[in-house]
Amino acid sequence: MRAWPVPVLTLGLGSYGWAQVAPYSAVSTGLRMVQERGIVTPVGGTKDPLQPIGFPGLPPKYGELPEPQSADVEFRLIRLGQGGRSGNIVRGTEGAEFMYKGFHVFADEVDGNLQTSIFTLRGNVKVIGKESVVVGERVTVNFENSTYLAEDAESQLDPRLVQGMLTDDLYVKAQQSYGSERQIWAHNADITTCNLKEPHYHLDAKDAEIRPGKRAILRHTKVKIFGRTILSIAYLNIPLDDPTYRYTPEIGQSEDEGYYIKTRWGIPLRGDNVFDSRVDYMTKLGTGLGGDYRYFNRTMNGLARVYTIFGKANTLSVSNDHRQEFRWGSLTFNNDYQKNNHLTAPGSTTLNTRAQLVFPQGRGASTRLSLNRSGSKSGTFDTSNQSIAVSDQRSYGRLTRTTLDVNWIQSGSKYQGQVNNNDREQIDVRMRANHELKMATANLEYVRTIPVGETQGIFGGSDRTPFVSLTSDARKIFGGRIGQRFPFNTELSFGEFSSSSGVQQQKISRYNFDMRFNRPDRSDKRLRIDLGGQFRQGMYSDDTAQYTQGATAAASYRLGRDTSANFRYNYLRQHGFSPLLVDRTGRNNLFTSDLSYRPTNPLLIGIQTGYDFIRQERQEISWQQVGVRTEFTPKENVMFRTLSTYDTFAQQWSNVRLDFAYKHNEQFLALGARYDGIRKVWSNANLYLENLKWGRVSFSAILSYNGFTKQFDSQQYSFIYDLHCAEAILVYTQQNTGFRSGKDVALFIRLKAIPFDIPFGFGRRGQPLGSPSGAGF
């Protein structure tokens, strides 16, 4: 398979549209509101765009913000030329500098009122906060609710202001701008992430609206590169919460779709609602049409998608994700319908539905009603699964709590013309209650699987009808001091269970006593010993009985840096017989040990093995596999490592792994190889090379060689050309195994400040590729 996706302009900016729309400007509306009301609208929340940091004279596009200082709540005048403070009034000219509520302010002229917290600043204005810098000629600031109205202003917005959706600062120049923690508007604005005096690119928008953490909306926008307009867009929608979103047209070729062009067209809507229409053409499949509708209001939000391909594919995809709040609770609804999806399920039709109603009732009580259904149809074969569940949780005071879950489940499958549809229907009931006593906790549990109708083959192996227990520990019984010296947990219980023996289901009553002891050594001594043990006695209604003994011990002796010896012993054995499968623990009698030794500073040697006493009783080979590790680090940025395994059963070295890693500044090289001692062949070799640079070009590569098939399972190469605020990325991938094997070539031009996922470093199944050289390398 070959795929050549080549984005025409992948600036990571947003969906777009050239359709003429009715005049609508959120900026103008916001500015008029501010001018009429005097910037007195309170803003809630805790994340302010002008939070305190306090540093003088920051150039608008250079340098890093220093660490935040403590917030100043009271007004502190640092300097003022002509003028001064009279009560709550502050007026002055010829240069002013002051701190107020944590904001550091500079201006040639100041006119402010400490009672209303509204200041008008003129001439070389800088209002500096933790996550933004506002620079302008005339700025009016309301320090009470952290809003501002600026003229001929420039704002430097920290990535945190857009909730981490950018990796660098965002610069906004505007004739007029108005901002708060929730939204920022600008009129006649230039927007860029390039910090040069003459930026490589910028967006020239008549009106701009930024909703932190959600999206940026630009109207009547020109995309300018090196001062030249290359694209005019009537409506530009920039999502800030989806780094995988493909924003601009893509032209390419793939084995499944042939040559294609894929486009998105943004359509402006009022409020927070967004609609993106999709128009695609693929030479092998046909024409694709669809749309994505995102909607938001005070009580609900969601996303609805529809996409279809007319032609040979005859594909239809419909999905929606809806969330809504009511006075009595909340509703969540998810639905996904796929018909003949050539990427995931060609020739099949699938439908998946999930819905959930939550009824919170206060005081620890809530009820949840949920529906789940999934089904698929492929040719003559149909499958379906559905369930309806009711869950209720309640608290009665501080000591008693109950949980009830009832779940109706139905599943079935059939071939066309088949008489027996293999339908299964059942009801699962699970109830729990616990009550805190002075020295113990009383528990009641009821679990049962009930077949419905003529359903066959349902076995309630986990039924408990009912199960009553008292649980406690040493602290509750004897107090904190004795409980710390002899920490144990105990349970006394009675219950009715479903037997696992025989074809017929049988009810078994069980009386059980369980006691477990665990005392870890948390001291800093050279020698540390951890001890543990257990005893369990069960008696059953069919005149059988069983008791279980268990013990664990671990000792560690530390000799020096990275030098220690560790020994562990595990013993477990049951006596008698239990008719319940859940009580059959098996048998264990095993000793294991490992030793780490650093003879010199750069060299570390480790060895581990074990001895099985049960295999000794059977006169079999008792020693477990022996593992040997060596790690040599002559410098902090260089590492050699070997991992070898000796198979005591086959009596030969079964596996040897070699690793080498080297790191220099931003460059990294890792080599890994594995030798199969049983087959006498180098089974695998990996190369990982990252960020090898020639001038502005950096090169990375991942190679994985399979010694059994004598070919590369995966080859990936990445070339990145640095364009200062942007990067040109060429990725070549060849996968010789796995799902959809073949070659891919992709070319991207992306902005550094906007997160953008590329396929380099991942396999066809989404698994990460690389070299197993360990953390830090």
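The rules we used
- Residues numbered from 1 in each chain as written.
- Predicted model: local features only at pLDDT ≥ 70, side-chain atom pairs only at ≥ 80, totals over all residues.
- Heavy atoms only, no water.
- Core = buried A, V, L, I, M, F, W, Y, C linked by side-chain atoms within 4.5 Å.
- Buried < 20%, exposed > 50% of the residue type's maximum accessible area, 1.4 Å probe, protein only.
- Contact = heavy atoms within 4.5 Å.
- Patch = residues over 30% accessible without salt bridge, like charges linked within 9 Å, V, L, I, M, F, W, Y side chains within 5 Å.
- Areas by Shrake-Rupley, 256 points an atom, 1.4 Å probe, with all protein chains shown as cover.
- Salt bridge = Lys/Arg side-chain N within 4 Å of Asp/Glu carboxyl O.
- Helix = DSSP H or I, 4+ residues; strand = E, 2+ residues; numbered from the N terminus.
- Pairing = 2+ DSSP bridges.
- pLDDT = per-residue confidence, 0-100.

K.L.:
Break down the nonpolar core for me, with residues and values.
P.N.:
Ranked by size, the top nonpolar core spans 38 residues in total, and within it Phe98, Val110, Phe119, Leu121, Phe143 and Leu218 carry the most contacts. In this structure Phe98 touches Phe75, Arg76, Leu77, Ile78, Phe103, His104, Val105, Val110, Phe119, Leu121 and Phe143, once residues within four positions along its chain are discounted. Grouped together as the second largest cluster of nonpolar side chains are 11 residues, Ala661, Ala670, Ile729 and Phe760 included.

K.L.:
Can you tell me about a nonpolar patch on the surface, naming the residues and giving the values?
P.N.:
On the surface, a nonpolar cluster with roughly 410 Å² of combined accessible area is contributed by Leu369, Leu371, Ile388, Val390, Leu404 and Val406. Where the nonpolar patch is concerned, the elements lending two or more residues are strand S24 (365-378), strand S25 (381-396) and strand S26 (400-415). In this structure, Leu369 sits in strand S24. What makes Leu369 partly exposed here is its relative accessible area of 34%.

K.L.:
Can you explain the pairing of strand S7 (residues 109-113)? Please cite residues and give values.
P.N.:
The alternating pattern of S7 places Val110 and Gly112 on a buried face and Glu109, Asp111 and Asn113 on a face that is not buried. With 4 bridges connecting them, strand S5 (residues 89-100) and S7 associate as antiparallel partners. Looking across to S7, one finds that Arg91 is bridged to Asp111. Sheet topology note: the S7/strand S8 (residues 118-128) ladder contains 5 bridges and is antiparallel.

K.L.:
Account for the confidence of the model for the protein, naming residues and giving values.
P.N.:
In this model, the protein carries an average pLDDT of 80, and 80% of its residues clear a pLDDT of 70 or more. Across the protein, element-level confidence peaks in strand S32 (residues 527-540) with a mean pLDDT of 95 and bottoms out in helix H1 (residues 26-37) with 35. Low pLDDT, under 50, characterises residues 1-70; the stretch is placed with 222 contacts to residues that sit more than four places away or in other chains. For residues 773-777, every residue scores under 50 in pLDDT, and the model assigns this stretch 12 contacts once sequence neighbours within four places are set aside.

K.L.:
Which residues make up the pattern of salt bridges, and what values do they have?
P.N.:
As enumerated under the stated definition, the model contains 22 salt bridges in all. Here Asp111 and Arg91 are joined by a salt bridge, their closest N and O atoms 3.3 Å apart. Of this pair, Asp111 sits in strand S7 while Arg91 sits in strand S5, and the two are 20 residues apart along the sequence. Taking the shortest distance from any N to any O, the salt bridge between Arg510 and Asp583 comes out at 2.9 Å.

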